[in-house]
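# Examining the three-dimensional arrangement
Below are the chains, spelled out letter by letter.
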Amino acid sequence: MTTAKKRANGEGSLRKRSDGRWEGRYTAGRDPVTGKAIYKNVLAKTQKECKEKLERAIEKNGKVDVVRSGKYTVAEWVRLWFENYSKPSIREQTAYYYNNYIEKHIVPGIGNIKLDKLTTIQIQQFYNKLKTSGRVQRYEHIELKDKGLSNRFIHGIHGVLRSALEQAKKEKLITDNPAEGCKLPKIEKKEMKVLLPEQIGAYLQEANRRGLLPAYYLELTSGLRRGELLALRWTDLDVENMTISVTKQVNRINGELKVSQPKTSNSIRTIPIPKQAVDLLILEHEKHPDNPYMFPSPKTGTMYDPDSFRHTHEKILAAAGIEHIRFHDLRHTFATLSLQNGVDVKTLSNTLGHYSAGFTLDTYTHATQRMKREVADTIGSVIDQAM
């Protein structure tokens, strides 16, 4: 065996082995318990190649905590990240979604891989599989119509995994974030549907037959999110000023109805409502004056379950002979009608609780395009009359 050719301190050493190959050795760190040096090596056919590999290894080693880098699997690290870095600073509903991404998809898919061995191609293959067969079978008696996850859901999983790996990089557990190089499926915007003006009367008549006219009338004249609407209490109504205070929302989390603050600070707002809505709410209050909820469940008298409220919306559509639209599309209906009837984007954005007027403008491009066409036609008529 040949003797090692020592290099400068911190640069490792080179030697030619008895099998003809060159070996480069370097000190990767020290064991925290014994204090002994931890050595690693690289091998190459030529001295030059070995020297280059050794330099790269030493440079890479400087970016990694060698003692901890091989300690975790992907499952162990992502769970640790979630509990310590993510969960304490996010809303309960968001935490529910993140935990679902981790336990139902990330852990079963790539959880057994060592964190420092995870590669971009492994993550890409994981995402590709989610796209074709990632949907979880929740009920054995119900056959899945589509076995793949939506593009938006995959983006959600990617966001969690990328953030967890980025923290691992900051802690020198890995040198690079392998999630950064992945190609994600494009999120396609769903075609926005709204109630047409000629359909609104029939829709509200069916709501009235079910004793729910005030709730659905308020929705169409305020554009509240479903959780915001159902979390309203009578103390949120200012009859004199004809306003509603939006300070909370209700969602079903882990099978229980939970009330929390709205999703962003912009969502906490006071919005004006028309006198007709106020009058309907006053009459509604007379029906159950001792109930704190503005729209209690007809069956239980407690807070209305958002899913049940959505199902009622679907029954109303069917009874009125109206093509199916989501409950959230009632919010879009309010926004579209507002823009088409002269409400400025900034005011509408504040009413909807959006984080910026630009987001509102981008969301309702279809309405603003129609407004631009009407302006162009109006100007054209004015010029024609002047000629």
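Here's what I pulled together on the structure shown here. Fair warning: this is a prediction, and the values are worked out from it, not measured in the lab.

In this section: the packing of aromatic side chains. Evaluated as defined, the whole model comprises 11 aromatic pairs. Ring plane angle 40° and centroid distance 5.7 Å describe the contact between Phe126 and Tyr127, whose orientation is recorded as tilted. With a relative accessible area of 7%, Phe126 lands in the buried category. Owing to a relative accessible area of 2%, Tyr127 belongs among the buried residues under this scheme. The interplanar angle of 65° and the centroid separation of 5.5 Å between the aromatic rings of Phe309 and Phe327 together place this pair among those described as edge-to-face. Residue Phe309 is found in helix H10 (residues 306-320), and its partner Phe327 is found in the loop between H10 and helix H11 (328-340); the two are separated by 18 residues along the sequence.

Glancing now at the pairing of strand E6 (residues 243-246). In terms of strand pairing, strand E5 (residues 237-238) meets E6 through two bridges, oriented antiparallel. Residue pairing across strands places Leu237 opposite Ile244, the latter belonging to E6. Between the antiparallel neighbours E5 and E6 lie four residues, among them Met242 with a positive phi of about 55°. Pairing between E6 and strand E9 (residues 269-272): four bridges, direction antiparallel. Paired with Ser245 across the two strands is Thr270, which belongs to E9.

On to the packing of helix H4 (residues 120-133) against helix H5 (residues 151-170). The geometry of H4 relative to H5 is characterised by a closest axis approach of 10 Å and an angle of 155° between their N-to-C directions. It follows from the interaxial angle that H4 and H5 lie roughly antiparallel. As H4 runs across H5, the sense of the crossing is right-handed. On the side of H4, the interface is formed by Ile123, Phe126, Tyr127, Leu130 and Lys131, while H5 contributes Asn151, Ile154, Ile157, His158, Leu161 and Leu165.

The next point concerns the pattern of salt bridges. A complete count under the given rule lists 18 salt bridges for this structure. The closest approach of N and O atoms between Lys193 and Glu323, which form a salt bridge, is 3.5 Å. Of this pair, Lys193 sits in the loop between H5 and helix H6 (197-209) while Glu323 sits in the loop between H10 and H11, and the two are 130 residues apart along the sequence. On the accessibility criterion, Lys193 (34% relative accessible area) is partly exposed. Across the pair Glu314 and Arg310 runs a salt bridge whose closest N-O atoms are separated by 3.4 Å. Of this pair, Glu314 and Arg310 both sit in helix H10, four residues apart, which is roughly one turn of that helix. Three or more residues are tied together by salt bridges with common partners; here these are Arg17, Asp19 and Arg21.

Conventions and cut-offs
- Along each chain, residues carry numbers from 1 onward, in the same order as the chain's sequence is written.
- Only residues with pLDDT of 70 or above have their local features reported here, since the model is predicted, and side-chain atom pairs are shown and tallied only from 80 upward, although totals for entire chains, interfaces and linings are computed over all residues.
- The side-chain values count all of the structure's non-hydrogen atoms but skip hydrogen atoms and water molecules.
- Working definition: rings of Phe, Tyr and Trp (its six-membered ring) pair if their centres are within 6.5 Å, and the pair is stacked with planes under 30 degrees apart, edge-to-face with planes over 60 apart, and tilted otherwise.
- Relative accessibility thresholds used throughout: buried, under 20% of the residue-type maximum; exposed, over 50%; partly exposed, between the two (1.4 Å probe, protein chains only).
- Counting from the N terminus, the helices are the DSSP runs of H or I reaching at least four residues and the strands are the DSSP runs of E reaching at least two.
- The pairing criterion is simple: DSSP has to find at least two bridges between the two strands.
- Inter-axis angles, ranging from 0 to 180 degrees, are taken between N-to-C directions of lines fitted to C-alpha atoms, where helices are fitted over the stretch in contact.
- Note that the term roughly parallel is reserved for angles under 35 degrees, roughly antiparallel for angles over 145, roughly perpendicular for angles of 65 to 115, and oblique for everything else.
- Each crossing gets its handedness from the near helix: less than a right angle anticlockwise from the far helix is left-handed, clockwise is right-handed.
- Should any heavy atoms of two residues lie within 4.5 Å, those residues are considered in contact.
- Throughout this description, the term salt bridge denotes a Lys or Arg side-chain nitrogen within 4 Å of a carboxyl oxygen of Asp or Glu.

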